[in-house]
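Descriptive analysis of the structure
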Amino acid sequence: MATAELASQRESDYLSQLTMAATRYENRTERRERNRAVLETRGPLYADTPERVEKRLARLGTDWAMARAIERTPTEPASSAGSTLRLPPETVTSEVLGLERLIGRNNLTPIAFLEEGVQVSRSVGRITISGPGGGHGTGFMVSPSLLLTNNHVLPSAQEANRSKVAFAFQDGVDGGPLVPAVFQLEPLRFFVTDRALDFSLVAVAPRGAQGEALSSFGRLALSEAQGKVVIGEYVNIIQHPRGEPKQIALRENQVVDLLDRFLHYESDTREGSSGSAVFNDQWEVVALHHSAVPKTDAEGRPLSVDGTVWRPEMGEQRLAWRANEGVRISRVLEALRAMPLTGEAARLRDEVFTTGLAPSPGESAPPVPSPLGTSALPGTDGAQAQAADGAAQFTIPLRITLGLGLGTPLSSPVTLVASPVTPTPTAAPQPPRAGRPDIVSAVEKDVDAALTSHRLAQKGPYYDRTADIAARDAYYADVDTGSGGGALRRALTGLLTDTHEPRPRYKPMSMVYPWVDLHKDGRLRSIYSGKDFSAEELIRADAAVAEARLARVQELLLRESTAGPAEFEAEFDALEASMPFNCEHVVPQSWFTRKEPMRGDLHHLFACEVGCNSFRGNFPYFDFPDFDEAVREDCGMREDVGFEPEEGRGAVARATLYFLLRYPGQVGDAAREFPAERLPVLLKWHEGEAVSEYELHRNAAIAAIQGNRNPLIDHPEWARAIDFTGVWL
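Residues numbered from 1 in each chain as written. Predicted model: local features only at pLDDT ≥ 70, side-chain atom pairs only at ≥ 80, totals over all residues. Heavy atoms only, no water.

Bringing the overall build of the chain into the picture now. In terms of helices and strands, the chain carries 21 helices and 24 strands. The long-range share in the chain, meaning contacts at least 24 apart out of those at least 6 apart in sequence, stands at 70%. When the accessible surface of the chain is summed, it comes to about 28,900 Å², and 52% of that surface belongs to carbon and sulfur atoms. (Helix = DSSP H or I, 4+ residues; strand = E, 2+ residues; numbered from the N terminus. Contact = heavy atoms within 4.5 Å. Areas by Shrake-Rupley, 256 points an atom, 1.4 Å probe, with all protein chains shown as cover.)

Written as structure tokens, this is what we have:
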């Protein structure tokens, strides 16, 4: 009969999923063991790729600078009695606790974690397939109308048509069962499935059997963005195991491997339930659980708990398992987006990407979470602005990524216009601005994180000469220093490039001012004028600029939604030029078209008040013969031929020489860039001012964050031995 055939097919599909999961797991044994070794010796910040970790830190509202500051702070083993950091209690935010927990220093979490877990659990329900050969699975709402589960739970519209989902099938706080709300699935309205990724998406009736509103159970926002979880983190699974009342596996499953389409997580308790939502500690969905990774015999067949070959009719509870496998939610969304749907089906599919946790139609529409796991603002013609991983992303329908110098994913869109901009903030404390509350909140989070990083950094020594000499000698141990000339240059370029991990994005508020550019007295000094500022002054000044930039970007989005990519890029460039941060790139950004990693490379970033930053512009350095006699600005001297700073000539020369070594071919390919014939200027300034303790501190602090060092600071004597002629185009 047809029902029996469908049940047999479902069992066959699940057995196939088990076999493929076991094969994938076996093929990754070497990589997984390497991950475990790194987790054991160094922790989760180092087991995954630097790019993924940086994105994870950004989603946690922090960055590599704070992570390194926390790592440098002495601590006992993982604490269960509060933060391990010596901070005032009121400054221990959820972001700080989340980062401590990620690093493995603290097992605590804010109490809101439990409240949020209860909230998201409402969208998880038990699926029941009726009739002969039926069974149970788990699913969860991902839009106002659609429920996500596994393909092997609902392999076809025919089975979905005889299935229901029950929400609130669970025990209450008094231990007694709640009355579940049961809804019919409606595959004739919408049903798509993907056997390779083992997911099915099906429509749910808007009203339950007793008239309950489906909307009352909410939906889970899905994000295509990376950085939701990294190797070594623990995940949470909300599920209906074997059709039982709703249960949760709380921080019992550790992610041990990330594949292109799947992730593996292990637990010493029990396997997950098919179709369950797998969450990170911020209750973002990171995966669709779909299979246990079973123990197998020599022929690759799954084994049961008694050592015999497992068969589907034995039930999942008899399966001998060793890990769990989930389908990465970003890959589910990628496949769903690519499906060729039209009409009502396309509209329902698109709600997965556009509604998130938005209010229902007719309600007021504040900023709402977007498919990137951040927030989106409605714009004209359906345009939305989103921000994640420290950059704002706009869907207009074109998509552009704009760096705004922010580390915290924003919960608001942002604006930019071609009209004249407001006066540039100076390096001084800024009064509170009456901007959008969501924009202000996002910027304030960055300020709080930067100030926390500043406080933590000052707990340790300013510069540990003994430790730094040891680190320096180990860093250059394999460099043939006797080779000289072009060979030495090529060896150093290779070393600087290979060890430049991670590669932080440009965020001076958090990466430069809190620790890297501090002088021994705990103050910042402008690299050109020598004027001093507190770290908090420049952090807050840049925050005011960031807030103003965000407001302008939002305005552009609303006014210029029909503009093309070229127009937007031009407006963004004009905005950054008119509202700069208090940070100087000694190699001007226009010389490398504002690209990363050059833009965020800390070795050539220095605190510098806006006035001097603008005064220098993109003029190349020049050594004026009459500099000492000339009438100069506080920042230095500038004429058509170039710019000579009042202060910091030795430091900027060594930073520029580093840049030439690290990025050969990036300078000298256009007019007004630093020409090869001016190399003697840099060498003269380098030799005229000895390396200071300030530069030694900077070099060590930068190496701790981005991995590489400046050879001209470590070995000033190499300057004349290196043949720099090969660094220009």
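Next comes the rest of the account.
Turning our attention to the sheet that holds strand S4 (residues 163-167). The strand order S5-S4-S1-S2-S3-S7-S6 describes an open sheet built from seven strands, whose pairing is antiparallel. The open sheet has two edge strands, strand S5 (181-184) and strand S6 (191-194), and neither has a second partner. Strand-to-strand twist of the sheet, defined as the mean angle between neighbouring strand axes without regard to direction, takes the value 30°. Of the pairings in the sheet, the one linking S6 to strand S7 (residues 199-203) comprises four bridges and is antiparallel in character. (Pairing = 2+ DSSP bridges. Axes fitted to C-alpha atoms, helices over the stretch in contact; angles between N-to-C directions.)

The amide bond that connects Glu501 to the next residue, Pro502, takes the cis arrangement and shows omega of -5°. Position of Pro502 among the secondary structure elements: in the loop between helix H13 (485-498) and helix H14 (508-511). In this structure, the amide linkage connecting Glu596 to the following residue, Pro597, adopts the cis form with an omega of 5°. Positionally, Pro597 belongs in the loop between strand S21 (583-585) and strand S22 (605-607). Unlike most non-glycine residues, Ala168 shows phi in positive territory, near 65°. Secondary-structure assignment places Ala168 in the loop between S4 and S5. Exposure remark for Ala168: the relative accessible area of 15% places this residue in the buried category. (Buried < 20%, exposed > 50% of the residue type's maximum accessible area, 1.4 Å probe, protein only.)

Turning next to a nonpolar patch on the surface. A surface patch of nonpolar side chains, amounting to about 380 Å² of accessible area, comprises Ile111, Leu114, Ile248 and Leu250. Checked against the element boundaries, Leu114 lands in helix H7 (residues 112-121). Since its relative accessible area comes to 47%, Leu114 is described here as partly exposed. (Patch = residues over 30% accessible without salt bridge, like charges linked within 9 Å, V, L, I, M, F, W, Y side chains within 5 Å. Salt bridge = Lys/Arg side-chain N within 4 Å of Asp/Glu carboxyl O.)

This part takes up the side chain of Asp601. By secondary structure assignment, the location of Asp601 is in the loop between S21 and S22. Nearest to the buried, unbridged Asp601 among oppositely charged side chains is Arg662, at 4.7 Å. Among the polar contacts listed, one links the side chain of Asp601 to the side chain of Tyr658, at a separation of 2.7 Å. (Lys, Arg positive; Asp, Glu negative; His and termini not counted. Polar contact = N/O pair within 3.5 Å; in protein donor to acceptor, adjacent residues only side chain to side chain.)

The next point concerns the packing of aromatic side chains. This model, assessed by the stated rule, comprises 16 aromatic pairs. Note on Phe167 and Phe217: the rings are 5.1 Å apart at their centroids and 20° apart in plane angle, and the pair reads as stacked. Highlighted residues: Phe167 in strand S4 and Phe217 in the loop between S7 and strand S8 (234-239), separated in sequence by 50 residues. Taking relative accessible area as the criterion, Phe217 reaches 9% and is therefore assigned buried. Plain terms: the ring middles of Tyr621 and Phe643 are 6.4 Å apart, the flat faces sit at 35° to each other, and that makes the pair tilted. One end of the pair, Tyr621, is in the loop between helix H17 (610-616) and strand S23 (636-639); the other, Phe643, is in strand S24 (residues 642-645), and 22 residues separate them in sequence. (Phe/Tyr/Trp six-rings, centres within 6.5 Å; stacked < 30°, edge-to-face > 60°.)

Don't take any of this as a statement about function, it's just geometry.
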